[in-house]
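Architecture at a glance
Given next are the chains, with one letter for each unit.
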Amino acid sequence: LNREYKEPRFFRDCQTPKKSYDAIIIGGGGHGLAAAYYLAKDHGITNVAVLEKGYIGGGNTGRNTTIVRSNYLTPDGVNFYDASVKLFEGLSEELDINLFYSNRGHFTLAHTESAMRTMRWRAEVNKHVGVKSRVVGTDEISKACPQLDISCSGKAPIQGALYHEPGSIARHDAVAWGYARGADSQGIEIFQNTEVQSIDVRDGKVHGVQTNRGYIATGKVLSAVAGFTPRICKMVDLKTPIVIHPLQACVSEPMKPWLDTILVSGSLHVYVSQSSRGELVMGASLDPYEVHSTRSTFDFVEGLTSHIVDMFPFLSNVKVVRQWAGMADMTPDFAPIMGKTPIEGFYLDAGWGTWGFKATPISGKTMAATMANDKAHDLIHSFRLSRFEDYELTGEKGAASVGH
Ligand code: FAD
Ligand code: PYC
C-alpha cells in the first residue's frame, strides 16, 4: 500500500461538514447521488452536501435486482421511465464507469386470459408513446428461452407474454459510485456515517438540519431516503400515504451463462435474470406485512424456489447462496411521489417501492431541475404529492413487476 498516495480512488473522504450549504441532500442512494450530480452538471449548483447515515449505495440501491424497463401502463409513466432508459444507455460512458448495462429483453409472462388482457393494454400504451413492447405467443418465448417449461410443471401453463425489447439489467452499486464520483469531481461533498436527526422548519420554511455531526444551515433539503421516508417526513410534520413493506431477493450459485432474457411471472410471483457473473438473480412479491426491517426469511426463499423449479425443473439441485431484504416505500397507486411540498425548501423524492432503480437517472435529473428552479419539472407532474388529495392517481399497479 502506497501511504503517500493522496488522490481519492473514487471520491474525496470529506471529514467535517461546513456550517452551511446552498442545498442538502438526505440519502446517499442512487437517487440522492444522481440529484447531486445533475445539480452540478445541469445547473452549476455545487455548494451541496449529500448526507448518508450509512455507506453510499447501502440502502435499496445496493439491494435491488437491477431491472431497467419502461413498459408501464400510463402514458406519463411510460414517458418518464423511457427517459430514464435513454439516460441509462449512455451512462457508462458519461460517468466513465462500467455499469455492466446489459440489454436482455424483458418478458412478462401471462398465465391467464385476464393477464393477457393487461399485456395487450400495456403493449398498446407503450407503442402509442413510441416504446418497443408487443404481445408474443409461446413460440417466441420458447425461442428466446428454450429451457423454460411452458406448462410450468403443469401448474400454470403460459399463454403468452408482453415482450419489451429495451429491458435491461445493470450493476446497481456501480450506479451509486458513478454518480458519487461524478458529483464529487464537480465539488459536491459527500458525508457517509452522517445521519440527519431533525430538520429545522420555522414559519413553514426549511432553515437547516441537525445531524449526528452538528447543525448545518441550508434553505433547501431533498429527502431521497426510500424506506426511511416516513421517519424524515415526521421531522417536518408532512403526511404521505407511504407504507413500508419488505421486499426480498436472492441469488443462486454462479452458473455458465444460459439465461439471456429477463423473465417475470405475475401469477407465480417470481422473476429471474442471470447477472454478468453468472448468478441467477431472483425475487418475489412484497412481504404482505408492514414492517421497518431488512430481515430476510426462509418462507420467502422456500416459496420462490418452488416456483422457479416449476418454470425450470432442471434447477432443482442449484443452491441459493445469498438472500436479503430491502424496505420498499409503497404508495397506493404504485407511482412515486416527487417534487415540491407544502414546506418551503423541502423537496421529496420517494414512493419508489419496488420500482425505483430504473428511475435513478431521470429522478436525479428531474429533482435537480425542480430544486434549482423551485418548480416541478414537467415530467414529474403526475407524481406530485397533492394527487392523493385531488383524487388524480397515476395507477401503475398493473405494470408492477410481480404480483402484489
Ligand atoms: P436508497 O438506495 O434506499 O437510499 C436511501 C439512503 O438514505 C440509504 O442509503 C439510507 O441509509 C439513507 N438514509 C435514510 N435515512 C437517513 C437519514 N436520516 N440521514 C442520512 N441518510 C439517511 N427497482 C427497479 O427499478 N428494478 C428492480 O429490479 C428492483 N428490484 C428491487 C428488489 C428489491 C429486493 C428491492 C428492495 C427493491 C427493488 N427495486 C427495484 C426498488 C429500488 O431498489 C429502489 O426503489 C431504489 O433503489 C431507491 O433508491 P434510493 O436512492 O431512493 O434509495
Ligand atoms: O420494477 O422491474 C421492476 C422490478 C423487478 C423486480 C422488482 N422490481
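Computed from a predicted structure; not experimentally measured.

Its place among the elements puts threonine 65 in the loop between β2 (48-51) and β3 (67-68). We classify threonine 65 as buried; its relative accessible area is 10%. Not counting the four nearest positions on each side in its chain, threonine 65 is found in contact with Ile169, Ala249, Tyr271, Val281 and Met282.

Within the secondary structure layout, serine 70 lies in the loop between β3 and α2 (75-89). We classify serine 70 as buried; its relative accessible area is 1%. Beyond its immediate stretch of four places on either side in the chain, serine 70 contacts Val78, Tyr81, Asp82, Val85, Asn126, Val131 and His164.

Before going further, it helps to spend a moment on the nonpolar core. Nonpolar side chains in soluble globular proteins tend to end up buried together. Ranked by internal contacts, the top residues of the largest apolar core, which has 60 residues, are Ile25, Leu33, Tyr38, Phe80, Tyr179 and Leu222. Of all the elements, helix α1 (residues 30-43) adds the most residues to this core, at eight residues.

Attention now goes to the site of ligand 2. Lining the immediate surroundings of ligand 2 are Thr65, Ile67, Arg69, Tyr72, Tyr271, Thr354, Trp355, Lys358 and Ser401. Between ligand 2 and arginine 69 there is a distance of 2.6 Å, counted from an oxygen atom to a side-chain nitrogen or oxygen. In the environment of ligand 2, a nitrogen atom lies 2.6 Å from a nitrogen or oxygen atom belonging to the backbone of threonine 354. When the free accessible area of ligand 2 is taken as 240 Å², the share hidden by the protein chains comes to 95%. For the shell around ligand 2, the per-class residue count stands at four nonpolar, three polar and two charged.

For the rest of this paragraph, the subject is the site of ligand 1. Lining the immediate environment of ligand 1, one finds 36 residues, of which Glu52, Asn60, Thr61, Thr65 and Lys358 sit closest. For ligand 1, an oxygen atom lies 3.2 Å from a polar atom in the backbone of glycine 30. Here an oxygen atom of ligand 1 and a side-chain polar atom of threonine 61 are 2.6 Å apart. Bound to the protein, ligand 1 loses 97% of the 1000 Å² it would expose on its own. Only α1 and β14 (243-252) provide two or more residues apiece to the shell around ligand 1. For the shell around ligand 1, the leading source of residues is β14, giving three residues. Classifying every residue of the shell around ligand 1 gives 15 nonpolar, 16 polar and five charged.

Criteria and thresholds
- Residues numbered from 1 in each chain as written.
- Chains lettered and ligands numbered in written order.
- Predicted model: local features only at pLDDT ≥ 70, side-chain atom pairs only at ≥ 80, totals over all residues.
- Heavy atoms only, no water.
- Helix = DSSP H or I, 4+ residues; strand = E, 2+ residues; numbered from the N terminus.
- Buried < 20%, exposed > 50% of the residue type's maximum accessible area, 1.4 Å probe, protein only.
- Contact = heavy atoms within 4.5 Å.
- Core = buried A, V, L, I, M, F, W, Y, C linked by side-chain atoms within 4.5 Å.
- Near = heavy atom within 4 Å.
- Polar contact = N/O pair within 3.5 Å; in protein donor to acceptor, adjacent residues only side chain to side chain.
- Areas by Shrake-Rupley, 256 points an atom, 1.4 Å probe, with all protein chains shown as cover.
- Nonpolar A, V, L, I, M, F, W, Y, C, P; charged D, E, K, R; others polar.

What is shown is where atoms sit, not what they do.
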